[in-house]
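Descriptive analysis of the structure
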Amino acid sequence: MRDAADRLHYLDEVMDLLFPPSRPGARPRVRSVLPHRLVPRRVVPRAWWHTALGRGLPVGGGTDTIETHLSDVLGRRMRVVVHVRPARRANRKPILEAYDESGLAGFVKIGDSPRARRLVRYESEVLRMLAGRPLKVVVPPDVLYHGAWRGLEVLMLSPLPVTSRRVGSRRVPARLLISAAREIAAIRPYDDEAGSEERTGEAAAWHGDFTPWNVAAGADGRLLVWDWERFAVGVPLGFDALHHFFHRALRRMPPPVAARSCLAQAGGLLEPFGVDVAQARRTAVRYLVALAERHRRDGREPLGPPAVWLNPLVDHLECLL
């Protein structure tokens, strides 16, 4: 199935959830798929000039929609733009831009499956915890609203002041990435977090999805960081730096080559964290195994079977684990 067909099929499911009809036979409203249905990227309220782009997308005409829900809880009229997400991602979920009369008011994540609902609830908890931390380098979004609607988990986050039009389109300075990863690693959600973990050398926290598309350099010299739903504690220092490098490498090379490169470059990548070369190689192996285990739990293998991209690299390095 072509990507556009996959996206449109999932889009139909999403729009039925977000704009349900109030009663059978209710008159539908119309939205526009932009730039057009063959290249679906987002769904916006219909405007007169959209007729040149093709027919509109009918949506439910009920009175209880995601727009009316957000309007009620926020106390002002809200309109949403729906991002058309890839349909085959393990952690897929609808992502909306929410607008009020003054412009972009926030981004909304919708938990529409058991897994997505857990991730959305967890990200809300993480962001509320971060709001009470005196972060100097990292700028996470604020939670503007979190609640349930029609069995869906709804999380609205503040927009961050991105200076580039495309997140991840401009390389973030290495020094800023290192400073941000170090600050995240030092986060302790609980006062007693550091006891036995420090003795085992696994006291660090990590963002969990510290990729080029989830970070951007802010105008004030700090790092804007999105998507905290994979945040965790109790890992070796350096997981975020390895994750960022590995996913940059995946843009240029197949997974087995990217994995070998991650291991080969581990010493240099983790040197700024005070990790020696031998420990850096052990940390890289631990990171790659942890990533494969995440994919297994998610029920999807975007890099292919671990027997192809991971096992040939780590089978002879078991002594490092």
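One structure accompanies this document, and this report is about it. Not measured: the values here are computed from a predicted model.

**Details of the packing of aromatic side chains**
Within the structure shown, the criterion is met by six aromatic pairs. For the pair W228 and F231, a centre-to-centre distance of 6.2 Å together with 50° between the ring planes defines the contact as tilted. For the pair formed by W228 and F231, the shared burial category is buried. Seen from their ring centres, F246 and Y287 are 6.1 Å apart, and the 80° between their planes marks the pair as edge-to-face. In this pair, F246 is assigned in helix α6 (residues 239-249) and Y287 in helix α9 (residues 277-298), connecting sequence segments 41 residues apart. When the ring centre of W149 is taken as reference, the NZ or CZ atom of R150 above it lies at 5.8 Å.

**Quick look at the nonpolar core**
With 56 residues, the main nonpolar core has L223, W228, F246 and Y287 as its most contacted residues. With sequence-adjacent residues up to four places away left out, Y287 is seen in contact with W206, F239, L242, H243, F246, H247 and C262. L8, Y10, V33 and V108 belong to the second-largest nonpolar core, a separate cluster that totals 27 residues.

**Regarding the side chain of H295**
Relative to the assigned elements, H295 resides in helix α9. The residues touching H295, leaving out its near neighbours within four places in the chain, are R300, E301, P302 and L303.

**Observations concerning unusual backbone geometry**
Phi is positive for R150, close to 50°, though the residue is something other than glycine. Relative to the helices and strands, R150 resides in the loop between β8 (143-149) and β9 (152-157). Of note in this structure, D227 is not a glycine but carries a positive phi near 55°. As for its placement among the helices and strands, D227 is situated in the loop between β12 (223-225) and β13 (232-235).

**A closer look at the packing of α6 against α9**
Two numbers describe how α6 lies on α9: the axes approach to 10 Å, and their chain directions differ by 70°. Looking at the two axes, α6 sits roughly perpendicular to α9. The element α6 and its partner α9 pack so that their crossing is right-handed. Touching F239, L242, H243, F246 and H247 of α6 are T283, A284, R286, Y287, L288, A290, L291 and R294, all from α9.

**Description of the pattern of salt bridges**
It is possible for side chains of opposite charge to pair when their charged atoms get near one another. Using the criterion set out here, one finds 13 salt bridges in the structure. Between R297 and E293 there is a salt bridge, with its nearest N and O atoms 4.0 Å apart. Of this pair, R297 and E293 both sit in helix α9, four residues apart, which is roughly one turn of the helix. Within the structure, one salt-bridge network assembled from shared partners comprises K93, K109, E123, D227 and E229.

Reading guide: rules and limits
- Counting starts from 1 at the beginning of each chain's written sequence and moves along it residue by residue.
- Whole-chain, interface and lining totals are the exception, using all residues; otherwise, since this is a predicted model, local features are given only for residues with pLDDT of at least 70 and side-chain atom pairs are given and counted only at 80 or more.
- As a convention, hydrogens and water are excluded, and side-chain values are obtained from all of the structure's heavy atoms.
- Here the aromatic set is Phe, Tyr and Trp, taking the six-membered ring for Trp, and pairing holds for ring centres within 6.5 Å; pairs whose planes are under 30 degrees apart are stacked, those over 60 apart are edge-to-face, and all others are tilted.
- Categorising residues by exposure relies on relative accessible area from a 1.4 Å probe, with only protein chains included: less than 20% of the type maximum marks a residue as buried, more than 50% marks it as exposed, and the intermediate range marks it as partly exposed.
- Secondary structure elements follow DSSP: runs of H or I no shorter than four residues count as helices, runs of E no shorter than two count as strands, and numbering proceeds from the N terminus.
- For a lysine, the NZ atom is tested; for an arginine, the CZ atom; a charge sits over a ring if that atom is within 6 Å of the ring centre and within 35 degrees of the ring normal.
- The term nonpolar core refers to a set of buried residues drawn from Ala, Val, Leu, Ile, Met, Phe, Trp, Tyr and Cys, joined through side-chain atoms within 4.5 Å.
- In this description, contact between two residues means that some pair of their heavy atoms is separated by no more than 4.5 Å.
- Angular values range over 0 to 180 degrees, each being the angle between N-to-C directions of two axes fitted as lines to C-alpha atoms, with helices fitted over their stretch in contact.
- If an angle is under 35 degrees, it is roughly parallel; if it is over 145, roughly antiparallel; if it lies from 65 to 115, roughly perpendicular; otherwise it is oblique.
- Two helices that cross are described as forming a left-handed crossing if the nearer one is turned anticlockwise from the farther one by less than a right angle, and a right-handed crossing if clockwise.
- A pairing counts as a salt bridge when a side-chain nitrogen of Lys or Arg comes within 4 Å of a carboxyl oxygen of Asp or Glu.

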